[in-house]
Amino acid sequence: MSSPRTCLCDRVTLVGGHAHSHEHHEHGGGNVTIPQGAQVLGSSAYAPNPITLPVGTMVTWTNTDSTAHTATSNTGAFNSGTIAPGRSFSFTFQTAGTYPYHCNFHSGMVGSVVVQ
Ligand SMILES: [Cu+2]
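For the structure given in this document, a descriptive report is provided here. (Residues numbered from 1 in each chain as written. Predicted model: local features only at pLDDT ≥ 70, side-chain atom pairs only at ≥ 80, totals over all residues.)

**Notes on the overall build of the protein chain**
The test is simple: Under the DSSP-based scheme used, a helix requires at least four consecutive residues in state H or I and a strand at least two consecutive residues in state E, with every element numbered from the N terminus. Our exposure labels follow a C-beta count within 10 Å of each residue's own C-beta, placed from the backbone: buried means 20 or more other C-beta atoms, exposed means 12 or fewer, and partly exposed covers the counts in between. Two residues form a contact once the distance between their C-beta atoms, set from the backbone, is within 7 Å.
Scanning the protein chain from terminus to terminus reveals zero helices and seven strands. Counting from the amino terminus, helix and strand elements in the protein chain follow one another as β-β-β-β-β-β-β. Looking at the protein chain as a whole, 23% of its 116 residues qualify as buried. Residue pairs in contact within the protein chain that sit at least 24 positions apart in sequence constitute 58% of those at least 6 positions apart.

See the structure below:
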């Protein structure tokens with residue numbers, strides 16, 4: 001790779017902003033929680049929101065609510081389908097960009113993934 005990458009993974013402490021720029025770094029992935037009562041939580045229905053991650057990172061949404069939800073891209077980039085209570089859905093983001101998404105069952109539930 002000719003251009004340095006900045007690791008934005010929140011599990012890694014950067015020193016001087018250039019750690020990992022010399023090597024491929026395995027990103028452990030990001031986790032988004034759907035909390036109890038999410039259907040009335042609006043932009044807090046997905047936590048954290050937004051979540052910011054490096055290109056190539058897998059994001060896992062975990063539904064800790066007692067109601068089924070989805071994580072559905074507003075632009076069709078990904079769609080979890082139904083995430084039953086206690087279940088999860090993962091998607092790996094290979095292209096930089098901002099990915100707004102929502103719940104298909106509760107239109108007030110909105111979130112965003114920022115891939116850099
Ligand atoms: Cu929902």
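Next comes the rest of the write-up.
**Some points on the environment of Leu 53**
When you line up the elements, Leu 53 lands in strand E2 (residues 51–53). For the pair Leu 53 and Val 114, spaced 61 residues apart in the sequence, the C-alpha separation amounts to 6.3 Å.

**Things to note about unusual backbone geometry**
Pro 48 follows Ala 47 through a cis peptide bond whose omega is 0°. Relative to the elements of secondary structure, Pro 48 occurs in the loop between strand E1 (30–34) and E2.

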